[in-house]
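Tertiary structure, described
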Amino acid sequence: MSAGAAAEPVRDPGLQPERTRLAWRRTTLSGAVAAVLAVKTALHGSVSVAGIVACALCCGLWLAFLALAHRRIHALAASPEPPPLTPRQATATVLFTVALAVCGAALVL
């Protein structure tokens, strides 16, 4: 076998990019549900300044996550071999998700 004949095999991604896009959409939908429940909790019963601030923070975090998810979904759909998620984007996504969960928990308590 000659060295020139050994070409790299072409990677077949199969349905992996589609599954990844669907996972981003499901996570965004989960964040939307959490933000809506935070708004409902903040506005139910007695309305306080702290509740409104936590509600606004939940909505802002969800919008930030939505923007990141939207960019990633478009990057996945743009080419058959999308660029990897950068550490900065991954860190921001995790921080937004955890902060949304913390704000939601603070509203419930």
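The coordinates are above.
These remarks concern the structure in this document. (Residues numbered from 1 in each chain as written. Predicted model: local features only at pLDDT ≥ 70, side-chain atom pairs only at ≥ 80, totals over all residues. Heavy atoms only, no water.)

1. Some details on the overall build of the protein chain
Spelled out, the test is: The secondary structure listing takes helices from DSSP runs of H or I that are at least 4 residues long and strands from runs of E that are at least 2 residues long, numbered from the N terminus. Accessible area is worked out with a 1.4 Å probe on protein chains only. A residue is then buried under 20% of its type maximum, exposed over 50%, and partly exposed in between. In what follows, residue pairs with any heavy atoms lying within 4.5 Å of each other are defined as contacts.
Regarding its fold elements, the protein chain presents 3 helices and 0 strands. In sequence order, the secondary structure elements of the protein chain are arranged as α-α-α. Evaluated residue by residue, the protein chain yields a buried proportion of 23% over its 109 residues. A separation of at least 24 residues holds for 75% of the contacts in the protein chain among residues at least 6 apart in sequence.

2. Notes on helix H1 (residues 16-43)
The test is simple: Multiplying 1.5 Å by the helix residue count minus one yields the expected span of that helix.
Between the first and last C-alpha of H1 there are 41 Å, a value that for 28 residues agrees with the 40 Å anticipated at 1.5 Å per step. Among all positions of H1, only Pro17, Arg21, Trp24, Thr28, Gly31, Ala32, Ala35, Ala38 and Ala42 are buried. Considering only its buried residues, H1 is in contact with helix H2 (49-78) and helix H3 (87-108). Just beyond H1, the residue with positive phi is glycine 45, at close to 75°.

3. Side note on the environment of leucine 68
For leucine 68, the position within the fold is in helix H2. The exposure class of leucine 68 is buried, given its relative accessible area of 14%. Between the alpha carbons of leucine 68 and glutamine 89 there is a distance of 7.4 Å; along the sequence they are 21 residues apart. In contact with leucine 68, not counting residues within four places along its chain, are Gln89, Ala92, Thr93 and Phe96.

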